[in-house]
Each structure stands twice: as C-alpha cells, then as structure tokens.
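Close look at the chain arrangement
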Amino acid sequence: MREVSRDRIKAFLTLLPSIVLIGIFVYGFIGNTIWISLTDWGGVAALAEHPVKHFIGIQNYVDLFTGFLEGRFRQDMVNAVFYSVSLLAGAVGLGMFIAILLDRKPKGEDFLRTVFLYPMSLSFIVSGTIWRWMLAPQGGVNILPTYAGFKPLTFKWLSAKTTVLAFNWQNLLQIGLYLVAVITIIIGFIVYRNSRSKSVKWLAIGALSGLTAWIGGDMLPKALILEEIHGFNLATLGIIMATIWQYSGYTMALYLAGFNGISQDLHDAAMLDGASTSAYYTHIAIPMLKPITISAVIILSHISLKMFDLIFSMTGPDNAETGHPALNMYLTTFRANEFARGASIAIVLFLLAATFIIPYLITQYKQRRTR
Amino acid sequence: MAQVKLNNVVKNYGNVKVVHGADLLIDDSEFIVLVGPSGCGKSTILRMIAGLETISGGEIVIGDQVVNRVSPKDRNVAMVFQNYALYPHMTVRENMAFGLKMAKEPRDIIEKKVNQAAATLELGPYLDRKPAALSGGQRQRVAMGRAIVRQPDVFLFDEPLSNLDAQLRTQMRMELKKLHLQFKTTTIYVTHDQIEAMTLADRIVILKDGYIQQVGSPIEVFERPANVFVAQFIGNPPMNIIKGKCTRVNGAMTLVAGDLSLQLPEDKYQDIAEGKSVLIGIRPDGIKVRDVEHRIREEWRKEATVNVAEILGGQSLLELNISNNRFIAEVEGRMKLHPGDKVTVGFELDRVVLFDPETTEAIA
Ligand SMILES: Nc1ncnc2c1ncn2[C@@H]1O[C@H](COP(=O)(O)OP(=O)(O)OP(=O)(O)O)[C@@H](O)[C@H]1O
Ligand SMILES: [Mg+2]
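Computed from a predicted model, the values in this text were never measured in an experiment.

Topic: the overall build of chain A
- Within chain A, the regular secondary structure consists of 15 helices and 2 strands.
- Its C-alpha atoms give chain A principal-axis dimensions of roughly 80 × 70 × 50 Å.
- Each of the 371 residues in chain A was classed as buried or not, and the buried ones make up 42%.
- Excluding contacts between residues fewer than 6 apart, the proportion of contacts in chain A whose partners are at least 24 apart in sequence is 72%.
- Summed over all atoms, the accessible surface of chain A reaches about 21,200 Å², with 71% contributed by carbon and sulfur.
- Side-chain charges in chain A split into 28 positive and 20 negative, and the spacing between the mean points of these groups amounts to 7 Å.

In structure tokens, the structure reads:
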C-alpha cells in the first residue's frame, strides 16, 4: 500500500513541471485570450505601455457576426466552412480510394505508397509556393491542355471573383434552421433501422425547424440591417486542391494500415458470402474502419480551421477572395493592433475546433472505460 | 446437396508443390474429415474447393460443374473458419443475413431464414449483439449459423472447434453431428483432433506432405491402416510397430521378433514368403491383460514384465517388456501394477497388421 502511494507521488512529481507549464502556457493563455476578447483593447493606444482596457462583454463577438464593418470576417468564416467540408470530402474520399487501389496489391505497391505519402513531409510554405506557381494564371495547370493541342485554361485559380451557392447573411437564422432540418431528417432516416422511436423524434425536430424556417420566412429576426451576400468563392478552389493534395496521402496511409489489419479470413468469408470486391469495401472494410474515418475527420477538420501558412504562402494574407479566419485574426491583431477583436476571432476558432474535438474525446474516454 | 470430386488436384506456390495430385470422390451428404500433420495441405485443399486459392492442376467438380474457374460466390459453398471470421461491426443477425443480402433475397425471407437458423442453433437471445459480446462457443455457433442460412451445397470447416475448451468442444461436436443429420449437407471438415475425426467422419482422409495416404471409414483406417504413417498417426497411443520375420514353425506361419514368436491366424498372411522381414503392427488395445484365459487363444498368451504403469481413469496404459520387445498396452480398468511385476498378456493377433519394412506399405 505504502509502495503504491509512493509511486503515485513520484509520478505526480515527474508530471508536475509539464502540468505547470501546460497550465500556464496553454490553459492560462486561453483564459487570458478569452478575457482580452471581452475588452476593448485596441485602436490608437493599443501598444502603449499600460494600454487602457475596458470590459465590454460580448460586444466583440456581436460585432463579428452582425457588425456593419466585419463583413470580411463573415466571408472568411464561410470560406472556412466550405474549405473544411471540401477538404474532408476530398482528402478522405481520395485517400480512401487510393488506399483501396493499393490494397488490391498492385505491382510496386511499396513505391506507390511512398509517392502518395510524400507530400505530407513538405512544409506548407514549400507546398504553398509550388502550388502558387502551378496555379499562376498563365502557367502550370492552366497550360496543361496545350500539351494535348487544346486552348489554355483562363481560370484565375486564386483570384477569381465568382461566387456560387450565395446566400444572404441577413437570413442566417432561417438558413440555420433549414440546415438543422436537413441534418436531423438525415439522422432520422439513418437511425430508422435501429430504433423507430428515436427516429421519429429526430424527424419531428427536423420537420419542426424546417416548417419554422419556411413559414417564418421574412418574419424571422434578421442578423444584419443590410443585405450581405456570402457564398463559396471559386478562388478557394486552388487552396482546396493544394490541401487535398497534401493530405490525401496521409488519409491513404491511415486507411491502408487499417485495411492491412483486416484478417484475410474476413475477406474470404465475405467472398464466400457472395460479396463482390466493391461490396466487400462498402459493407465490410470501410464500416470496420469507422474509428479511422472519425480520427481523420477530426484531425483534418481542425487542421482546416486553423489553416494559415498554406494560404499565406499561396496568396498572401490580403487576398480577400481566399480569406480565412486565421489570417483575419493575424491581420486584425498584428496589423491593425485590434487585440481584443483578434482575440475574439481566436476564441471563435477555438470553439469551432472544440465542437469537433470534444465529442471525439468524450467517446474515446467512454470507450476506454467500458473496455 | 452435391457430390464433390477432386481429379488429380495439384497446388504449387511458385516452385513449391504443396498438394500432389489429390484424387477424392465425396458422395452427396457425406461427412469427410481431412486429417494430417501441420503443413500437410489440409487448409490448402479446403480453400481450393472454396475457390479462395487457385488450382494449379487437375480439376475440382462440385455437383456436375467443373469449378476451377468459378468464383467463390458462385460455388454455393459455405466455410467456417478456425477464428470464426465474424464481421465485428455487425450484429449476430446482420452477420447471418449478410450472405442472403448479397444474394438480394427479399427482406422477409432473410428475416425468416435467419430466425430459423437462430432457433436451430439457440442463438435467439443474442441476435442483436455484436460478436465481441459473445463467448467463444456462441461465436462458433454464429459462424455455423452464417453457413447454414444460405443452404449451401457443401459445408467446409477448417478446424472450427480448435479454439474452444475441451468440454465445449465435445458439446459442439455433438451439435455438429446433429446438424449434419438434420441438413444432410455434404461436409468437408479439417481437424487435428483424432476424436473429432473418429466420431464425425463417414470417411477419413489422411494426408501427409500433400499426398493422400488413405481414405476410409474410421474403423477401416484404425484397423487396417494403409501404411506405417497412418498406423501411427491414427490412434492414441499409436500402434506398436516392431521389427520381425515370418517363418514357418511346425507348419504354421509365425511371426518372430527377437525371443517373441506369435502364430499368425489361419486366415491371414498365409501366402507371405518364408523368411521375409516385416514390421509387425499391434494396436495398444489389442494387448489384453484381464481375463486373458477366456478371451485369447493359448498360442497368443505371453509372459510380460511391467516397465511403467499409468492409470488414466477408465483405462490404464502399460509399458511392457515381452520377450525383449517393448510394447504399449491400453487395458480396461485401473491396473495397480508396479515396475517389475509379471503379468500374462494376450495378443489379439487376428487384428495384427504387417508392413513391408522397405516401402512401409501394408502387406495385403
Ligand atoms: N502463400 C503460400 N506460399 C507458399 N507456401 C504456402 C502458402 N500457403 C501455404 N503454404 C504452404 O503450403 C503447405 C500447406 O499449408 P496448409 O495451410 O494447407 O497446411 P495445413 O495442413 O492446413 O496445416 P495446419 O494444420 O497447420 O493448418 C505448408 O507447407 C505451407 O507452408
Ligand atoms: Mg490449416
């Protein structure tokens, strides 16, 4: 008994320095950032020796989402969402696809695996620079068709002004309700097989919010006074491509390791059960790798939310079409010296990332406890 | 229901030949057991029948179709694997339904068949559990359920019970037997376990190094092994094999091994060449110690010295020295004997098997 408690003390003492350091430099500074975001630190005297800070509550956040001057931030948020979704779909999809091809054990599998994994080892600054050249208006990708005798492309990968899927930020609440409706109805159909009563609940929530959005229409409160259009900027396509290029090798490696871990017998059993190769992957292999898919989604989504260096090296920080909240935070804080506003952007990003990571950590923790 | 035929089936891995021209005809609804030492090619043969390995030579016929180029799913065979190979992310119900789902059977039929199979295998209470939440025996039953719902022409089992403890194995063995009596599906069963082989098989196939050594009913391979390998592989403890000679003594054909001489029965081995060297095979249970006077002819009774005696509960194992030959005897009852004790033993010489010392094949 005494030995045990001694061991514990030793363990605690060993961990203590890192607990203290993490406590100060991670959690302490998160707390400090939250505090700053609730003040009005910024403006002309922001860099004074003892800057004046007043507590102003959540005014910075209100401004970010509904303030007249922060339209740029809102477009950056929209960019980030489209960027994250495209990166997830692209990198997970492409990575999985390559992993399946390599899992068929083609000749030179080892070599190909290295080739696909290689982009991961580049720094974002390097790959950003490469892609900037490749996506230059008169070079790289745009002149590829000329090798086949076609006309060169004229698409401006990083500075196109076209916006698709545009929506009015004023109707944020309505759009949000529609989104909730779509998502809950999809969940409702998914759980239908397992539990009808749960499914009915989900469907009811979906129908309710859908109806509110539809009937409520113009009567719903507006987020802004003026109309403000945001959407998917096609200029972000180049950045999305570059990030997918860099990360699909990583997801491929995750999936390939997972596929290799599935026993031959399981594959054989599926074959005897009459599964075709594609049925084997859709019904057996990919569902079995759900934990890998979840990890990939978590990792990629927080990477994409924090993305800074790749965009910086591809377009610089000031390219409005390809803006990103992390760049905006940098500009707001260190160019405009609006420290409080910058802190509030940081906290918004932090909370967004947390919405992905915390449920993941909770399920992991639960799984470990039930094991 | 189908016949399975192996015609001169060969399997090579590169330059390594692991199955050398296997010929075998398995009747409809027959239960065939493949046995042999590790690495002799049992799984390989099974997997070739399933279509999971290519066939390097010869042909395999299921029903009346040559299946060499038929993919596994079109052979209508089901296989139960040693480690069960259940789909871990599916419930028991989904595991059993998967094959039917792939065959695009309508939902209500799938439901009915799965419930039927679950009832047969007493899996009802576990249908909505995942395999991880089942015991080894239950998983084994799910694996069998998955095989029977599809009503295949042929069942293939690759050491299905070897991961279970002894008691459960006995129980599952009986259930397997019952299932076979119920469904009468042609079954090919690979095992290491002698008792499984003897109790389940209609016929046993003994393999060694990719060659079929003998095919026969359990009693046949036990009593009339085709060669020394089979004699020693089947039966535990293995058959006693001692070197000897055939000679005529007073006109009767007699086996002589050292100081031991045993007169052959009048209806056996009478036309053997005189003076021929032979290997004499006698089963341990062919040496009697109790009631020898009543059961064994006088010429076959001999004096023996006990070297070691082991009591195994119902029977005892004795290591005996009989006229300077060492024999193992397996005798009924608990014999409290001590090293050095003298006993009278009787040989059931009507069960003796003689082998050629050069070829190690049995002499007709
Ligand atoms: N992929 C392979 N490449 C080369 N040799 C192989 C391969 N698979 C099996 N073998 C060889 O084929 C022989 C037969 O293997 P098999 O698995 O059929 O043996 P087994 O009788 O089932 O043995 P066990 O009782 O241990 O399961 C073995 O000698 C093995 O080394
Ligand atoms: Mg094997």
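This is not the end of the story, as more comes after the structure.
Regarding a positive patch on the surface
- A cluster of basic residues, Arg193(A), Arg196(A), Lys101(B) and Arg107(B), forms a positive patch at the surface.
- For Lys101(B), the location among the structural elements is in helix α2 (residues 92–102).
- The exposure class of Lys101(B) is partly exposed, given its relative accessible area of 42%.

Focus on the site of ligand 1
All names here are of chain B.
- For ligand 1, the full set of nearby residues is Tyr 13, Val 18, Ser 38, Gly 39, Cys 40, Gly 41, Lys 42, Ser 43, Thr 44, Glu 159 and His 192.
- Within the contact set of ligand 1, an oxygen atom lies 3.2 Å away from a backbone nitrogen or oxygen of Cys 40.
- One nitrogen or oxygen atom from the side chain of Thr 44 is found 2.4 Å from an oxygen atom belonging to ligand 1.
- Here ligand 1 loses 57% of its free accessible area of 630 Å² to cover by the protein chains.
- The leading source of residues in the shell around ligand 1 is helix α1 (residues 42–50), at 3 residues.
- Residue composition of the shell around ligand 1, by class: 3 nonpolar, 6 polar and 2 charged.

As for the environment of Val77(B)
- Mapping Val77(B) onto the fold places it in strand β6 (residues 77–80).
- A C-alpha to C-alpha distance of 46 Å links Val77(B) and Lys288(B), two positions 211 residues apart in sequence.

Considering the domain arrangement of chain B
All names here are of chain B.
- Taken as a whole, chain B is organised into domain 1 (4–233) and domain 2 (240–355).
- Put simply, the middle of domain 1 and the middle of domain 2, counted by C-alpha atoms, are 39 Å apart.
- Here domain 1 meets domain 2 over a buried area of about 670 Å², counting both sides, of which 57% is carbon and sulfur.
- When the buried area of domain 1 at its contact with domain 2 is split by residue, Phe 222, Glu 223 and Val 228 rank highest and sum to 61% of it.
- Counting every contact that joins domain 1 to domain 2 gives 1 salt bridge.

Points about the sheet that holds strand β10 (residues 211–216) of chain B
Residue and element names in this part refer to chain B.
- Pairing within the open sheet is mixed, and its 6 strands lie in the order β6-β7-β8-β3-β9-β10. Lying at the two open borders of the sheet, with one neighbouring strand each, are β6 and β10. Across the sheet, the mean angle separating the axes of adjacent strands is 15 degrees when strand polarity is ignored.
- As judged from the 4 bridges shared by strand β3 (residues 31–35) and strand β8 (residues 186–190), these two strands associate in the parallel manner. By the bridge assignment for β8, Phe 31 is matched with Thr 187.

Observations regarding the interface of chain A and chain B
- Opposite the 17 residues of chain A that make contact, chain B presents 22 residues.
- Summing both partners gives a buried area of about 1,700 Å² for chain A against chain B, and 63% of it is carried by carbon and sulfur.
- The tally of links between chain A and chain B comes to 2 salt bridges.
- The partner of Asp268(A) in a salt bridge is Arg47(B), with the nearest N and O atoms 2.7 Å apart.
- Across the chain A-chain B interface, the total number found is 8 residue pairs in polar contact (both at pLDDT 80 or more).
- The set of elements that each furnish at least two residues to the side of chain A that touches chain B consists of α10 (264–272) and α11 (277–288) of chain A.
- Of the residues that constitute the side of chain A that touches chain B, the class distribution is 10 nonpolar, 3 polar and 4 charged.

A look at the side chain of Lys113(B)
Residues and elements named next belong to chain B.
- Among the secondary structure elements, Lys 113 is positioned in helix α3 (residues 107–120).
- Look at Lys 113 and you get buried, because its relative accessible area is 19%.
- Leaving out residues up to four positions away in the same chain, Lys 113 has contacts with Leu 100, Glu 105, Val 149 and Gln 151.

Focus: helix α7 (residues 172–191) of chain A
All names here are of chain A.
- The terminal C-alpha atoms of α7, which comprises 20 residues, lie 28 Å apart, in line with the 28 Å expected from a rise of 1.5 Å per residue.
- The set of residues buried in α7 consists of Gln 174, Leu 177, Ala 181, Thr 184 and Gly 188. Projected down its long axis, α7 shows its buried positions confined to an angular sector of 95 degrees, all on one face. Structural note: α7 exposes Leu 179 and Ile 190 on the side pointing more than 90 degrees away from its buried face.
- Where α7 is buried, its residues contact α8 (196–216).

Conventions we followed
- Residues numbered from 1 in each chain as written.
- Chains lettered and ligands numbered in written order.
- Predicted model: local features only at pLDDT ≥ 70, side-chain atom pairs only at ≥ 80, totals over all residues.
- Heavy atoms only, no water.
- Helix = DSSP H or I, 4+ residues; strand = E, 2+ residues; numbered from the N terminus.
- Buried < 20%, exposed > 50% of the residue type's maximum accessible area, 1.4 Å probe, protein only.
- Contact = heavy atoms within 4.5 Å.
- Areas by Shrake-Rupley, 256 points an atom, 1.4 Å probe, with all protein chains shown as cover.
- Lys, Arg positive; Asp, Glu negative; His and termini not counted.
- Charge placed at Lys NZ, Arg CZ, Asp CG, Glu CD.
- Patch = residues over 30% accessible without salt bridge, like charges linked within 9 Å, V, L, I, M, F, W, Y side chains within 5 Å.
- Salt bridge = Lys/Arg side-chain N within 4 Å of Asp/Glu carboxyl O.
- Near = heavy atom within 4 Å.
- Polar contact = N/O pair within 3.5 Å; in protein donor to acceptor, adjacent residues only side chain to side chain.
- Nonpolar A, V, L, I, M, F, W, Y, C, P; charged D, E, K, R; others polar.
- Domains from an automatic or database assignment.
- Buried area = accessible area lost by both parts, 1.4 Å probe.
- Pairing = 2+ DSSP bridges.
- Axes fitted to C-alpha atoms, helices over the stretch in contact; angles between N-to-C directions.
- Expected span 1.5 Å × (residues − 1).
- Arc of directions from axis to C-beta.

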